[in-house]
Amino acid sequence: MMRKDPDTLSALSLPASRRRFLSRISQATIATVAASALLPSLHSVRAANPGQSKTSEPTRTDDNQRRNRAYQIRQQAALYQKNLPLAPHPINGDEERYTNRIGSYSKALPHNSLGEVNAAAYGALIKALASGTPSDFETIPLGGVVKQANPQAAFAYELEGSDSHCLAIGAPPSFSSAELAGEMVELYWQALTRDVPFSDYNTDALINDAAVELSKLSDFRGPKTGGQVTTETIFRGRTAGDLAGPYVSQFLWKDFLYGATPLSQLIRTTAPGREYLTTYSAWLAVQNGAAAAATASQFDSTPRYIRNGRDLAEYVHRDFSYQAFLNAALILFGMRAPLDSASPYSRSKSQSGFSTFGSPHVLDLLARVANSALKAAWYQKWSVHRHLRPEEFGGRVHNHKTGAARYPLHAEVLGSVALNRVYGKYGSYLLPMAYPEGAPTHPSYPSGHAAVAGACTTVLKAFFDESFVIANPVEATPDGLMLIPYAGQQLTVGGELNKLASNIAIGRNTAGVHWRSDAIEGLALGEAVAIGILTDMRGCFNEKFDGFSLSRFDGTTITV
């Protein structure tokens, strides 16, 4: 269990409604951003400290005043963060509800033949997370050679923005809920359709069957048109921009300059039809921490532009944390996208930005917010939720369907068309995985990729004009060998950045390693991380600046 203080214990007794909770958090976030006006600007600090020398040669008095101003800015930012309300951390109750931990993450710990975790090993994990003592983490038993991924990051501090423990997300769907069942049905369909080109979704029979079944689910929360999942909305995100144009963002297709080096976005992808962990023995071995089996001829010999779910899954298998957003920034610089109107240099007659409000500023911030977002996600993953991976859930479905165990699974997943088709193709009810190793060895909720995507996209929207229309949009051919002109509706910087965030987040779902709720909540968490850092930064500029203006993922516009 996570370490609990009285405030946390009180928070855990809050009503479980995720909708009400997220509404409260959304309102609190808006209030927090509005309150950023309480942070002093550099000009207000200077006004409070008169006597700055007007000569070109600084004096020791000037140096001392500068040091004091720097201290005041840091102190006011720290006090602002300290005085924010403590965030509640609601949980779904699965860890306490199921003593055999069937609803909790346990990959790479020792398990029995059903894939249920050894109680003593899970207890050692909980003890380490409760104490935070480094030596306790060294006593966690492993089932094989694969290690747990960085649980102590949950305890790291940040010196900019909100502390990771002060940011909130809602509880994930519970093990037996219709919502989680719906997310699992979607994942089975995503596995079955990995090789269908996105450009063929409107005419592909398998995609149509998936849309029909997803529309019938009682609590499926993917985007819909007229209350129905369609071939135009299937497997997409919910941000403003997700439903406009091709499935893939322009920022994952367009060429760009990496300094003086021209780069295309052709990628090394994997061969079609390659699925993993579809046999029970392979699945159980990986749950127990076995190394992924060597695979022959795993890769496609021809580089391709991202054109289907398999390509997107492989992109987010090999990317470094903020790679897609670094590339997006370079594309924006290359197309000379205008700065946001709030930038002090958007209308300057005599100056341009560089270290402030220029390319070095943007590039530095992308890396900064990305790692902060990961720390925030790791706190939620390890110290709060410990939500099981879809891969683990697939084992529960398989054992229930084969009669090896009885679990409280929702009827909508047990009787789904997608599940029956998976069994017909692979002879098991396990979730086919895009990666030989399956999911990473850290809990599922929220997605780290999504948190990074949320944070980096927020930074890019804060600096660039979101309404700017992207010239000469493209889309990949069904074979991924070429980019051809896209002739549909206009695509804007803001919409395509939002779509990029969803592509990176949902691409991990397409691989089978995350749930839809992991992606949605991860984006929101990353957005909050970036807003916190931008808020602290607000008081650091000499320029006349009224704040960063941007559109949030829910479509509301804020000024930080």
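A.B. asks: Got a minute to help me understand the overall build of the protein chain in this structure?
C.D. replies: A count of helical and extended segments in the protein chain gives 19 helices and six strands. Counting all 560 residues of the protein chain, 56% fall into the buried class. Residue pairs in contact within the protein chain that sit at least 24 positions apart in sequence constitute 79% of those at least 6 positions apart. Here the protein chain displays about 22900 Å² of accessible surface, and carbon together with sulfur accounts for 54% of that area.

A.B. asks: Explain the packing of aromatic side chains here, please?
C.D. replies: Following the criterion strictly, the structure yields 22 aromatic pairs and no others. Between F137 and F155, the aromatic rings sit 6.1 Å apart at their centres with planes inclined by 70°, giving edge-to-face as the arrangement. Here F137, found in helix α7 (residues 134–137), pairs with F155, found in the loop between α7 and α8 (178–192); they are 18 residues apart in sequence, far enough to count as distant. Through a chain of ring-to-ring contacts, the aromatic side chains of Y345, F357, F463, F541, F545 and F548 assemble into a single cluster. The ring of F553 carries K461 above its face, with NZ or CZ at 4.2 Å from the centroid.

A.B. asks: I'm lost on the side chain of H449 in this one. Help?
C.D. replies: Within the secondary structure, H449 sits in helix α17 (residues 448–463). Reaching out from H449, the side chain makes a polar contact with the side chain of D319 at a distance of 3.0 Å. In contact with H449, not counting residues within four places along its chain, are V316, D319, I504 and R508.

A.B. asks: Which parts of the structure should I look at to understand the packing of helix α11 (residues 309–318) against helix α18 (residues 493–510)?
C.D. replies: When two helices pack together, their arrangement is captured by the angle between the axes and the distance separating the axes. One can describe the packing of α11 onto α18 by two numbers: an axis separation of 8 Å at closest approach and a directional angle of 105°. One finds that α11 runs roughly perpendicular with respect to α18. Note on element contacts: α18 touches α11 through N503, I504, G507, R508 and T510, opposite G309, L312, A313, Y315, V316 and H317. Residue composition of the contact of α11 with α18, by class: five nonpolar, five polar and one charged.

A.B. asks: It is not clear to me how the pattern of salt bridges should be interpreted in this structure. Could you clarify?
C.D. replies: Pairs may arise between side chains of opposite charge once their charged atoms sit close together. Going through the model one piece at a time under the given rule, you end up with 19 salt bridges. Its salt-bridge partner being R97, residue D94 comes within 2.6 Å of it at the nearest N-O pair. Taken together, the residues span about one helical turn, with D94 and R97 both in helix α5 (residues 94–97) at a distance of three residues. A relative accessible area of 1% means that D94 is categorised as buried. Residue class for R97 comes out partly exposed when judged on its relative accessible area of 46%. The partner of D364 in a salt bridge is R368, with the nearest N and O atoms 2.3 Å apart. On the criterion of helical spacing, the pair formed by D364 and R368 is a turn pair, its members being four residues apart in helix α13 (residues 359–385). Exposure remark for D364: the relative accessible area of 34% places this residue in the partly exposed category.

A.B. asks: So what exactly am I meant to see when it comes to the packing of α18 against helix α19 (residues 516–537) here?
C.D. replies: Orientation of α18 relative to α19, taken along the N-to-C sense of each, is 150°, at an axis distance of 8 Å. Considering the angle they form, α18 stands roughly antiparallel to α19. Considering the relative orientation of α18 and α19, their crossing is right-handed. In this structure, α18 uses A501, S502, A505, I506 and N509 to contact α19, whose residues at the interface are R516, A519 and L523. The class makeup of the residues in the contact of α18 with α19 is five nonpolar, two polar and one charged.

A.B. asks: Looking at this structure, how should I read unusual backbone geometry?
C.D. replies: For the peptide bond that leads from Y445 to P446, omega is -5°, which places it in the cis range. Within the chain, N150 stands out as a residue other than glycine whose phi angle is a positive 60°. Residue placement: N150 occurs in the loop between α7 and α8. Positive phi, normally seen in glycine, also occurs at F235, with a value near 65°. Its place among the elements puts F235 in the loop between α9 (205–216) and β1 (256–258). For F235, a relative accessible area of 3% corresponds to the buried category.

A.B. asks: So what exactly am I meant to see when it comes to the side chain of T278 here?
C.D. replies: With respect to the element layout, T278 can be found in the loop between β2 (261–263) and α10 (280–287). With a relative accessible area of 15%, T278 lands in the buried category. Discounting chain neighbours no more than four positions away, the residues touching T278 are Y426, S428, L430 and P432.

A.B. asks: Before we go on, may I ask you to explain the confidence of the model for the protein chain in this structure?
C.D. replies: In low-pLDDT regions, the fine details of the predicted coordinates are not to be read closely. Of all residues in the protein chain, 89% have pLDDT values of 70 or greater, and the mean over the chain is 91. Low pLDDT, under 50, characterises residues 1–38; the stretch is placed with 61 contacts to residues that sit more than four places away or in other chains. Here residues 50–55 scores under 50 on pLDDT; set against residues more than four positions off or in separate chains, the count is seven contacts.

A.B. asks: Looking at this structure, I do not really get the nonpolar core. What am I missing?
C.D. replies: Grouped burial of nonpolar side chains is what soluble globular proteins tend to show. F393, L460 and F548 are the most contacted members of the largest nonpolar core, which totals 138 residues. At 12 residues, the largest contribution of residues to this core is made by α13.

A.B. asks: What is the right way to read a nonpolar patch on the surface from this model?
C.D. replies: Nonpolar side chains collect at one region of the surface, where L481, M482 and I484 lie side by side and expose about 260 Å² of accessible area between them. Judged by relative accessible area, which is 42%, L481 ranks as partly exposed.

A.B. asks: Hey, could you run me through α11 in this one?
C.D. replies: Spacing of three or four residues puts side chains on the same side of an α-helix, whose turn is 3.6 residues. Of all 10 residues in α11, nine are buried; the element is thus mostly enclosed. Packing partners of the buried residues in α11 comprise α12 (323–334), α17 and α18.

Thresholds applied
Residues numbered from 1 in each chain as written. Predicted model: local features only at pLDDT ≥ 70, side-chain atom pairs only at ≥ 80, totals over all residues. Heavy atoms only, no water. Helix = DSSP H or I, 4+ residues; strand = E, 2+ residues; numbered from the N terminus. Buried < 20%, exposed > 50% of the residue type's maximum accessible area, 1.4 Å probe, protein only. Contact = heavy atoms within 4.5 Å. Areas by Shrake-Rupley, 256 points an atom, 1.4 Å probe, with all protein chains shown as cover. Phe/Tyr/Trp six-rings, centres within 6.5 Å; stacked < 30°, edge-to-face > 60°. Lys NZ or Arg CZ within 6 Å of the ring centre and 35° of its normal. Polar contact = N/O pair within 3.5 Å; in protein donor to acceptor, adjacent residues only side chain to side chain. Axes fitted to C-alpha atoms, helices over the stretch in contact; angles between N-to-C directions. Parallel < 35°, antiparallel > 145°, perpendicular 65-115°, else oblique. Nonpolar A, V, L, I, M, F, W, Y, C, P; charged D, E, K, R; others polar. Salt bridge = Lys/Arg side-chain N within 4 Å of Asp/Glu carboxyl O. Left-handed = near helix turned anticlockwise from the far one by under 90°. pLDDT = per-residue confidence, 0-100. Core = buried A, V, L, I, M, F, W, Y, C linked by side-chain atoms within 4.5 Å. Patch = residues over 30% accessible without salt bridge, like charges linked within 9 Å, V, L, I, M, F, W, Y side chains within 5 Å.

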